Amino acid sequence: MDWSRAKNVLIYAFLLLNLVLGYQLWNDLQEQADSNLDFTSLESNIQKAMDEKGIKVLAKIPGDTPALPKISYRFVNGDYHDRMVELEAPIDSKLIFTSKELVNALKASIPDIGQYRYDEAASRAGEFILHPLVDGKWPLFKINLTLYYSEQKIISYRQPRIEISDTGDEKAQRVLSASKALGNLIENFLPDGSVVTEIELGYYGEVFNSDAHLPAAPAWRFILESGKEYYVQGISGDVISPNTEKVKE
């Protein structure tokens with residue numbers, strides 16, 4: 001055996017191992033720094049309220065505050081009663097986790113499915129929920145394309161027919177930061193012991209039996225571990241309480 005060559009191989013192997021471990025350590029420190037940045041984005045009085053109420057925030061707190069306009073949408077021909085449509089050929093439900101494959105598999109049955117985004121947090125057993133996108137990026141919450149599955153196969157769907165348009169009479173405004181919206185919830189709305197598991201910016205929509213144009217404003221959605229949802233209007237800061245859809249000042 002060439003011991004000199006074997007020694008060199010071992011040295012290179014240890015160097016490579018150290019590089020991998022060093023990268024992993026750096027990555028862990030970066031993630032920890034990001035987490036600390038999220039938490040410290042909350043004001044000290046909010047952090048104190050979190051401690052007193054036993055509230056935890058497991059979701060990353062977004063730092064972006066884009067300028068967004070209000071929009072309007074309407075149900076085509078008042079068609080908010082979306083009917084169940086059976087797929088001619090069931091689709092393997094695992095495709096739901098690969099957007100491109102899902103679109104390719106269902107575009108023959110749902111031509112505009114590429115304009116929707118999968119919402120894992122809103123989905124439940126037997127149903128995958130997708131929301132239409134505003135400007136190809138921001139989900140229109142509460143307006144759902146629902147895919148039904150059974151035995152790991154997507155077998156049918158419901159889809160309301162809607163049109164989304166600009167209001168045309170209002171300029172884009174910079175939205176309230178997620179940390180301020182969350183702070184309001186923590187101080188005034190969230191029950192003791194709440195655990196926030198998701199924070200996302202989109203638009204808040206509602207279902208009405210009408211073909212009139214309905215307004216929708218940017219809103220932060222907060223989901224708790226319990227499944228309850230809270231929406232904070234991105235411009236005014238008003239809070240829409242879960243299940244009641246009544247705005248609290």
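What counts as what
Residues numbered from 1 in each chain as written. Predicted model: local features only at pLDDT ≥ 70, side-chain atom pairs only at ≥ 80, totals over all residues. Heavy atoms only, no water. Helix = DSSP H or I, 4+ residues; strand = E, 2+ residues; numbered from the N terminus. Buried < 20%, exposed > 50% of the residue type's maximum accessible area, 1.4 Å probe, protein only. Contact = heavy atoms within 4.5 Å. Areas by Shrake-Rupley, 256 points an atom, 1.4 Å probe, with all protein chains shown as cover. Phe/Tyr/Trp six-rings, centres within 6.5 Å; stacked < 30°, edge-to-face > 60°. Pairing = 2+ DSSP bridges. Axes fitted to C-alpha atoms, helices over the stretch in contact; angles between N-to-C directions. Core = buried A, V, L, I, M, F, W, Y, C linked by side-chain atoms within 4.5 Å.

By the naming in an unreviewed UniProt entry, the chain is Regulatory protein YycH-like domain-containing protein, taken from Paenibacillus aceti.

Draft legend 1. Local environment of the overall build of the chain. Of regular secondary structure, the chain possesses four helices and 17 strands. Here the chain holds 249 residues, and 40% of them are scored as buried. Looking at the chain alone, contacts between residues at least 24 apart form 63% of all its contacts between residues at least 6 apart. Working note: accessible area of the chain is about 14900 Å², and carbon and sulfur atoms make up 51% of it.

Draft legend 2. Region of interest: the packing of aromatic side chains. Inspection of every chain in the model, using the stated rule, returns five aromatic pairs. The interplanar angle of 55° and the centroid separation of 5.7 Å between the aromatic rings of phenylalanine 141 and tyrosine 231 together place this pair among those described as tilted. Pair noted here: phenylalanine 141 is in strand E7 (residues 138–141) and tyrosine 231 is in strand E15 (residues 229–233), with a separation of 90 residues, a long-range link. Ring centres of tyrosine 204 and tyrosine 231 lie 4.8 Å apart, and the angle between their planes is 65°; on these two criteria the pair is classed as edge-to-face. Remark: tyrosine 231 occurs in strand E15 and tyrosine 204 occurs in strand E12 (residues 195–204); sequence separation between them is 27 residues. Tyrosine 231 matches tyrosine 204 in its accessibility class, with the two residues each being buried. Connected via pairs of aromatic rings, a cluster forms that spans Tyr118, Phe128 and Tyr149.

Draft legend 3. Expanded view of unusual backbone geometry. Residues other than glycine seldom take positive phi values, yet aspartate 135 does so here, at roughly 55°. Despite not being glycine, glutamate 151 has its phi angle at roughly 50°, a positive value. Inspection of the secondary structure puts glutamate 151 in the loop between strand E8 (145–150) and strand E9 (153–158).

Draft legend 4. Inspection of the sheet that holds strand E10 (residues 162–166) at higher detail. Ordered in space as E10-E3-E13, the three strands form an open sheet in which the pairing is antiparallel. On the outer flanks of this sheet lie E10 and strand E13 (214–216), each paired with one strand and no other. Taking each pair of neighbouring strands and ignoring which way they run, the sheet shows an average axis angle of 30°. Two strands pair when backbone bridges link them, and strand E3 (residues 71–75) and E10 are joined in this way by five bridges, in the antiparallel orientation.

Draft legend 5. Spatial organisation of the nonpolar core. If you look at the biggest cluster of nonpolar residues, it comprises 36 residues, and the most contacted ones within it are Ile199 and Phe222. When contributions to this core are tallied by element, the ones reaching two or more residues are helix H2 (44–53), E3, E7, helix H4 (178–188), E12, E13, strand E14 (218–224) and E15. It is H4 that provides the largest number of residues to this core, a total of five residues. With 13 residues, the next largest nonpolar core counts Leu102, Ile113, Phe128 and Leu130 among its residues.

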